[in-house]
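Examining the three-dimensional arrangement
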Amino acid sequence: LGEFINDLHLDDIVIIGSSMGGGIAMIHTLRNPSKVKAMILCGSSGISNIPLTSGFFKRKNYENIKIQTQNIFHNKLVPPDEMMEEIYNLILSYENAIRAIRLTKSVRKYKMHSDIKQIKTPTLLIWGKNDPITPPEIGVEFHQLLPNSVLYCLDNCGHVPTQEKPAEVIELIKSFFKKISF
């Protein structure tokens, strides 16, 4: 991520991370605070265990992958068929499956409680009230640890607010951008 941002000569960025991507966003922000104007985290990892569901990696079973993916949503109808096919095809690749397992295990090991307190970057936290992966209590804990954060918990929403409540997420981001003069 750092190399990508440097290669494009980006400064004053807003970094958005969902789930494990939120943990990556925080690590980048800790290492490069002067380049990050703001963070937006949705159901982020970093202080709790992301469940490692072994059943998800029964890669050749489309129905199993579909059920495991639907379980992260409050509304099981949200993940469209196109998304399911894309996930299934990614998981079919042995290399992708191994990378996903390694990333999940790495995230489970690295807890950022003390590091998070050092992040002064304005942060928008968006959580689903029905998130089975990082429940809303985790969002509250993030809000308590991040000194310059605001937290919104969305009703009838699971682990992926950007997919399940896109219009609400966009409005929250617009309002946040106005607040931080971006």
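Model, not experiment: these values are computed from the prediction. (Residues numbered from 1 in each chain as written. Predicted model: local features only at pLDDT ≥ 70, side-chain atom pairs only at ≥ 80, totals over all residues. Heavy atoms only, no water.)

1. Some details on the nonpolar core
Residues M26, M39, L41, I116, F142 and L146 are the most contacted members of the largest nonpolar core, which totals 18 residues. When neighbours within four sequence positions are excluded, F142 is seen to be in contact with M26, S44, S45, G46, I47, I116, L125, W127 and S149. Grouped together as the second largest cluster of nonpolar side chains are 14 residues, C42, I126, V150 and I180 included. (Core = buried A, V, L, I, M, F, W, Y, C linked by side-chain atoms within 4.5 Å. Buried < 20%, exposed > 50% of the residue type's maximum accessible area, 1.4 Å probe, protein only. Contact = heavy atoms within 4.5 Å.)

2. Some points on helix α7 (residues 136-145)
Those residues of α7 that sit buried are P136, I138, G139, F142 and L145. Packing partners of the buried residues in α7 comprise α2 (20-31), α6 (113-116), β3 (123-128) and β4 (149-154). (Helix = DSSP H or I, 4+ residues; strand = E, 2+ residues; numbered from the N terminus.)

3. Considering the state of the cysteines
Structurally, a disulfide amounts to a covalent bond that connects the sulfur atoms of two cysteines. Applying the stated criterion to the full structure yields zero disulfides. Looking at C153, it has no disulfide partner, and the nearest cysteine sulfur is the one in C157, 9.7 Å off. C157 takes part in no disulfide bond, and the closest cysteine sulfur, belonging to C42, lies 8.8 Å away. (Disulfide = S-S within 2.5 Å.)

4. Digging into the environment of C153
Position of C153 among the secondary structure elements: in strand β4. Look at C153 and you get partly exposed, because its relative accessible area is 28%. Considering only alpha carbons, one finds C153 and G128, 25 residues apart in sequence, at a separation of 5.4 Å. When neighbours within four sequence positions are excluded, C153 is seen to be in contact with W127, K129 and P136.

5. Considerations on the pairing of strand β1 (residues 13-18)
The pairing of β1 with strand β2 (residues 36-42) spans six bridges and is classified as parallel. Looking at the pairing, G17 lines up with L41 of β2. Assessed by its sense of winding, the connection that carries the chain from β1 through α2 to β2 is right-handed. (Pairing = 2+ DSSP bridges. Right-handed = clockwise from strand over helix to strand, strands pointing away.)

6. Brief notes about the packing of aromatic side chains
Any pair of aromatic rings gets described here by the distance separating the centres and the angle formed by the planes. In total, this model carries four aromatic pairs according to the counting rule given. Geometrically, the ring pair formed by Y62 and Y88 is edge-to-face, given 5.2 Å between the ring centres and 80° between the ring planes. Of the two residues, Y62 sits in helix α3 (residues 62-70) while Y88 sits in helix α4 (residues 81-92), which places them 26 residues apart along the sequence. Cluster of aromatic residues (ring-pair linked, three or more members): F176, F177 and F182. (Phe/Tyr/Trp six-rings, centres within 6.5 Å; stacked < 30°, edge-to-face > 60°.)

7. Points about the sheet that holds β2
Strand order in the open sheet formed by four strands is β1-β2-β3-β4, with parallel pairing between adjacent strands. Strand pairing shows two members of the sheet lacking a second neighbour, β1 and β4, which therefore form its edges. Neighbour-to-neighbour, the strand axes of this sheet turn through a mean angle of 15°, independent of strand direction. Its contacts with the sheet place α2 against β1 and β2, and it is angled at close to 145° to β1. (Axes fitted to C-alpha atoms, helices over the stretch in contact; angles between N-to-C directions.)

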